[in-house]
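These are the residues of each chain, in order.
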Amino acid sequence: MTKILIVEDEPRIASFVSRGLEAAGYETVRIEDGAEGLAAALRGDGDLVLLDVGLPSMDGFEVLRELRARGSAIPVIMLTARSSTRDTVEGLEAGANDYVSKPFTFEELLARVRSRLRENMPQPSVSISHGGVVLDVLARRATVDDREVDLSAREFALAEQFLRNPGRVLSRELLLSRVWGLDFDPGSNVVDVYVRYLRGKLGADHIVTVRGAGYRWE
Ligand code: CA
């Protein structure tokens, strides 16, 4: 569940925000103190921080600067005072991803939260790599040490099986069924032939023969 850290010392605002976010399906943690908020964010104890400016022990700007200085990329939305453009500018300069001015409506806040979380979603992985060999599964391209290598569809599919299972012994029968389907007779030596092709194209040392068992990607 997505967890949101609410670093805000005004109980009325903190509770309004946390009740709304929980109703919208988020988990929330309420923290009233700047230094404690910083520690929680640095522990990775949240997916997004809502950060008030005026806080005990450390103000919101100090928290944010320290967070960024220590390499944290957690999205931060500052809760600033509407009267203060200085707050807004200072917050964005200190590394805030967005800000919401008080007083704000819950809908306004929720829209910002959703959009910042969406930006921060990891992109689905389209490439798999191991030992200098990279397969871009969507583009069907293969590279070895950044050099592009031309693989046929079967070679690519076979290489993909190995790269998705590094260090595991894959039997000829398993590879036959996954790469060629069940059209091939289990006695066929097509796997051995294709492993030889892959060794020629990807490097001789990656695929090790495990006698009596199959092949393993090292
Ligand atoms: Ca405050």
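Described in the following lines is the structure provided in the data block. These numbers come from a predicted model, not from an experiment.

## Things to note about the pairing of strand β11 (residues 207–210)
Inspection of the sheet shows β11 paired to strand β12 (residues 214–217) by four bridges, in the antiparallel sense. Directly across from V210, in β12, lies its bridge partner G214. In textbook terms, the turn of a hairpin is the stretch between consecutive antiparallel strands, and for β11 and β12 this stretch comprises three residues, one of which, G212, has a positive phi near 75°.

## Digging into the environment of R178
Mapped onto the elements, R178 comes out in helix α7 (residues 172–180). With 106 residues separating them in the primary sequence, R178 and S72 have C-alpha atoms 41 Å apart. Contacts of R178, omitting those with residues within four sequence positions, involve Q161 and N165.

## What about the sheet that holds strand β9 (residues 147–149)?
As summarised here, the arrangement of the four strands in space is β6-β7-β8-β9, forming an open sheet in which the pairing is antiparallel. Each edge of the open sheet carries a strand with a single partner, namely β6 (127–130) and β9. For this sheet, the mean angle separating the axes of adjacent strands, direction not counted, is 25°. The pairing of β6 with strand β7 (residues 133–136) spans four bridges and is classified as antiparallel. Of the residues in β7, the one forming a bridge with I128 is L135. The strands touched by helix α6 (residues 153–164) are β6, β7 and β8 (141–144); relative to β7, the strand with the most contacts, the crossing angle is about 115°.

## Concerning helix α8 (residues 190–202)
Given a rise of 1.5 Å per residue, 13 residues ought to cover 18 Å, and the 18 Å separating the end C-alpha atoms of α8 matches this to within 8%. Of all the residues in α8, the buried ones are V190, V191, D192, V193, Y194, V195, L198 and L202. Its buried side turned inward, α8 meets β7, β8, α6, α7, β11 and β12. Phi turns positive one or two residues past the end of α8, at G203, with a value near 115°.

Calculation criteria
Residues numbered from 1 in each chain as written. Predicted model: local features only at pLDDT ≥ 70, side-chain atom pairs only at ≥ 80, totals over all residues. Heavy atoms only, no water. Pairing = 2+ DSSP bridges. Helix = DSSP H or I, 4+ residues; strand = E, 2+ residues; numbered from the N terminus. Contact = heavy atoms within 4.5 Å. Axes fitted to C-alpha atoms, helices over the stretch in contact; angles between N-to-C directions. Expected span 1.5 Å × (residues − 1). Buried < 20%, exposed > 50% of the residue type's maximum accessible area, 1.4 Å probe, protein only.

Nothing here speaks to function; it is all geometry.
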